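Residues per chain, in single letters:
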Amino acid sequence: MPEFSAENLFSMPVNVKRLSKKGSNLTYDAPDDVRSAIASAYGLLAVESFHADAIVAPWRKNGVKVMGEVRAKLIQPCAITFDPLDAEILEQIDALYVPEGSKLAQPKLDGEGEIIVDPDGPDLPETFLGDMLDLAEIWLEFFALGLDPFAHKPGAALPESASTADDPSQDTSPFAALAALKKH
């Protein structure tokens, strides 16, 4: 049973030293109080459901591989009208984690000490402290990645502003405002 924390919304700690070689399968369905806390933390009107699962397995010597998904149904404000907008999130998780200080999390350097970045290559593993990895943090990170920051209702549009390109007397630049003050 996950621990609820007002600071972290909820916690699902996994001791990486005690993982079986096959890994552990963990599932979480957020209760009302956690869904309410998630909605508040992310500026949502409501989180109707939040389901997450993960297979957590050892990776290399001290690392951990996390695979799974986060599914949620929520109501968020339309970015244009602020009306309630139903939305769903389905984010797949496939991530690697290593203890802080691990050489596996350090970027590769060329002969001159410059970082080598391969945009098509795999991402570096994330790090964790001690022997514990909190799945709740991972699930919430992927939940946040699935949110549409500019979600809007179909047909919603920003009001058209008057074009000032054809009429220089309608110039709304800061310099035009200063020029208007100077005339008085």
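Look a little higher up for the structure.
Conventions used here
- Residues numbered from 1 in each chain as written.
- Predicted model: local features only at pLDDT ≥ 70, side-chain atom pairs only at ≥ 80, totals over all residues.
- Heavy atoms only, no water.
- Pairing = 2+ DSSP bridges.
- Helix = DSSP H or I, 4+ residues; strand = E, 2+ residues; numbered from the N terminus.
- Axes fitted to C-alpha atoms, helices over the stretch in contact; angles between N-to-C directions.
- Contact = heavy atoms within 4.5 Å.
- Phe/Tyr/Trp six-rings, centres within 6.5 Å; stacked < 30°, edge-to-face > 60°.
- Buried < 20%, exposed > 50% of the residue type's maximum accessible area, 1.4 Å probe, protein only.
- 1 Å grid on protein atoms, 1.4 Å probe; cavity = no way out; pocket = protein on both sides within 12 Å on 5 of 7 lines; lining within 4 Å.
- Points joined across faces, edges and corners; volume = space filled by probe spheres on them.
- Core = buried A, V, L, I, M, F, W, Y, C linked by side-chain atoms within 4.5 Å.
- Salt bridge = Lys/Arg side-chain N within 4 Å of Asp/Glu carboxyl O.

Next up on the list: the sheet that holds strand β4 (residues 63–77). Across the sheet, which stays open at both edges, the 5 strands sit in the order β2-β3-β4-β5-β6 with mixed pairing between neighbours. Each having just a single partner strand, β2 (24–29) and β6 (126–128) make up the two edges of the open sheet. In this sheet, neighbouring strand axes are inclined to one another by 25 degrees on average, regardless of whether the strands run parallel or antiparallel. As defined by bridge partners, β4 adjoins strand β5 (residues 84–99) across 14 bridges and the pair is classed as antiparallel. Residue pairing across strands places K65 opposite L96, the latter belonging to β5. In the packing of helix α1 (residues 32–41) onto the sheet, contacts are made with β2 and β3 (46–59), and the angle to β3 comes to roughly 95 degrees.

Scanning all chains against the criterion turns up 5 aromatic pairs. Centroid distance F10 to Y28: 4.4 Å. Interplanar angle 15 degrees. Geometry classified as stacked. Remark: Y28 occurs in strand β2 and F10 occurs in the segment before β1 (13–15); sequence separation between them is 18 residues. Here Y28 and W139 contribute two aromatic rings whose centre-to-centre distance is 6.2 Å and whose plane-to-plane angle is 10 degrees, an arrangement assigned as stacked. Of the two residues, Y28 sits in strand β2 while W139 sits in helix α2 (residues 135–146), which places them 111 residues apart along the sequence. On the basis of relative accessible area, W139 is assigned to the buried category, the value being 0%. Grouped by ring-pair contacts, the aromatic residues F10, Y28, Y42, F50, W139 and F143 constitute a single cluster.

In this section: the environment of V34. Relative to the helices and strands, V34 is located in helix α1. Take V34: its relative accessible area is 2%, and that puts it in the buried class. Sequence separation between V34 and F10 is 24 residues, and the spatial gap between their C-alpha atoms is 6.8 Å.

By rolling a water-sized probe across the atoms, one finds the places where empty space is left. Considering only enclosed or pocket space, the second largest pocket measures out at about 230 Å³ in volume. Lining the second largest pocket are K65, D94, A95, L96, Y97, D123, L124, P125, E126, E141, F142 and L145. Secondary structure elements with two or more residues in the lining of the second largest pocket: β5 and α2. At 4 residues, β5 tops the list of elements feeding residues into the lining of the second largest pocket.

What follows covers the nonpolar core. Ranked by size, the top nonpolar core spans 37 residues in total, and within it F10, I38, F50, V66, L135, W139 and F143 carry the most contacts. Tallying contributions element by element places α2 first for this core, with 7 residues.

Another aspect to go through is the environment of Y28. In this structure Y28 comes out as buried when scored by relative accessible area, which is 6%. Along the primary structure Y28 and V70 are separated by 42 residues, whereas in three dimensions their C-alpha atoms are 9.5 Å apart.

Note that side chains of opposite charge can pair when their charged atoms are close. Overall, the coordinates contain 3 salt bridges when judged by the stated rule. A salt bridge links R35 to D32, with the nearest nitrogen and oxygen atoms 2.5 Å apart. Of the two residues, R35 and D32 both sit in helix α1, 3 residues apart, roughly one turn of that helix. Overall, R35 belongs to the buried group, its relative accessible area being 16%. The class of D32 is exposed, set by a relative accessible area of 55%. With a closest N to O distance of 2.1 Å, E69 and R71 form a salt bridge. The partly exposed category is assigned to R71, whose relative accessible area is 34%.

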